[in-house]
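Coordinates in review
The residues making up each chain are set out below.
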Amino acid sequence: MADSIEEIFNGFAAPFSFGQILVQKREGAGFVLLHRDDESLDQLQRYRDAEDAVGIAKYDDAGDYRPLKTAPNLRHGWRLELATVEELRRALDYFYPSRLAVFAAWKSGYLKTTALRETLDRQSGMYRAAAKISDPQINDLVADFCRSDSGCLRTILWKRDRNGVIASTKLPKEKFDPGVDQVMAACSRRPAGDARASHSEAATVPLLCQEPCNLLVAECRKVVKGESA
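Because the structure is predicted, anything quoted here is derived from the model rather than measured.

1. Focus on the environment of D37
Examined against the element boundaries, D37 turns out to sit in the loop between β3 (31–35) and β4 (45–47). Sequence separation of D37 and H76 is 39 residues, and the distance between their C-alpha atoms is 7.6 Å. In this structure the side chain of D37 is engaged in a polar contact, spanning 2.8 Å, whose partner is the side chain of H76.

2. Details of the sheet that holds β3
Spatial strand order, β4-β5-β3-β2-β1-β7: 6 strands in an open sheet with mixed pairing. Since the sheet does not close on itself, it has two edges, and those belong to β4 and β7 (203–205), each with one partner. For this sheet, the mean inter-axis angle between neighbouring strands, taken without regard to orientation, is 25°.

3. Quick notes on the pairing of β3
Of all 5 residues in β3, 5 are buried, a share of seventy percent or more. Relative to β3, strand β2 (residues 21–25) is paired through 5 bridges, and the arrangement is antiparallel. Residue pairing across strands places L22 opposite L34, the latter belonging to β3. What sits between the antiparallel neighbours β2 and β3 is a turn of 5 residues, in which G28 has the positive phi angle 95°.

4. Some remarks on the layout of surface pockets
Taken as a whole, the largest pocket encloses approximately 270 Å³ of empty space. Lining the largest pocket are 18 residues, and of these R99, R154, P212, C213 and N214 sit closest to its centre. Ranked by the residues each element gives to the lining of the largest pocket, the list is headed by helix α8 (residues 214–225), at 3 residues. The residue makeup of the lining of the largest pocket, split by class, is 8 nonpolar, 5 polar and 5 charged. Here the second largest pocket is characterised by a volume of approximately 160 Å³. In terms of lining, the second largest pocket is formed by Y65, R66, P67, L68, A71, N73, D144, F145, S150, G151 and L215.

Parameters at a glance
Here, residues in each chain are numbered from 1, in the same order as that chain's written sequence. Local features are withheld for residues below a pLDDT of 70 in this predicted model, meaning they are given only at 70 or higher, and side-chain atom pairs are given and counted only at 80 or more; totals for whole chains, interfaces and linings count all residues. Based on all heavy atoms of the structure, the side-chain values leave hydrogens and waters out of the count. Note on conventions: DSSP H or I runs of at least 4 residues are helices, E runs of at least 2 residues are strands, and numbering of each starts at the N terminus. What qualifies as a polar contact is a pair of N or O atoms within 3.5 Å, subject to a donor-acceptor requirement within protein and to the restriction that residues adjacent in sequence count only when both atoms come from side chains. For two strands to pair, DSSP has to find at least two bridges joining them. Orientation is described by axes fitted as lines to C-alpha atoms, over the contacting stretch for helices, and by angles from 0 to 180 degrees between their N-to-C directions. The classification of residues rests on relative accessible area computed with a 1.4 Å probe and restricted to protein chains. Under 20% of the type maximum is buried, over 50% is exposed, and intermediate values are partly exposed. Detection works on a 1 Å grid of protein atoms alone, calling trapped sets that fit a 1.4 Å probe cavities and calling open sets with protein on both sides within 12 Å along at least five of seven lines pockets, with lining residues defined by an atom within 4 Å of a point. Grid points are joined across faces, edges and corners, and a volume is the space filled by probe spheres set on the points. Side-chain classes follow a simple rule in which Ala, Val, Leu, Ile, Met, Phe, Trp, Tyr, Cys and Pro form the nonpolar group, Asp, Glu, Lys and Arg form the charged group, and the remainder, Gly included, forms the polar group.

All we've got here are geometric facts, nothing functional implied.
Take a look at the structure:
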């Protein structure tokens with residue numbers, strides 16, 4: 001898998017985007033990572049260690065903890081300068097855990113997906129009840145929880161069940177297309193004049209979702225228990 005990840009960077013020469021991150025080449029050698037919204041800003045806090053990505057990704061602009069690292073709320077105001085491809089790989093893995101490996105597997109044709117019903121059916125303990133969620137409830141929940149502008153920037157590859165039913169008919173078709181930049185798709189649904197709607201045209205490495213996450217499973221349980229709409 002390491003070789004496949006190296007091939008990703010060979011295929012996506014900087015600058016390229018990865019979620020809300022813009023990756024640029026430094027003068028001479030190395031890379032610069034920053035929030036895509038901050039591309040035109042100069043007064044950014046500088047970091048020079050791949051491990052600094054852990055702290056940057058931990059909280060949003062308001063200082064609230066980010067339980068879902070692919071949520072569209074990565075904080076602003078930072079610039080991470082790295083010397084090598086290995087440091088770049090580590091940093092991106094801290095920002096978006098496992099997403100590089102998932103993309104490499106998908107690009108190589110080896111990525112397997114897991115349907116939501118299959119994930120729910122194998123739950124145990126307090127989460128066993130999640131499997132009782134109805135199809136209409138799934139349709140509504142996924143549309144709200146996974147939407148790119150306020151929920152998650154991953155592109156959904158999994159289905160609702162083994163019959164291949166789409167995860168939610170209430171999400172735009174772009175949400176299921178790896179060729180669509182989910183950040184830009186979210187921007188297109190923001191009000192005109194929103195400063196966040198302007199980004200460079202760099203190539204994009206998509207954040208792919210091969211199976212429902214634990215947070216979505218927990219939300220399914222809440223719906224069944226009547227704890228959320």
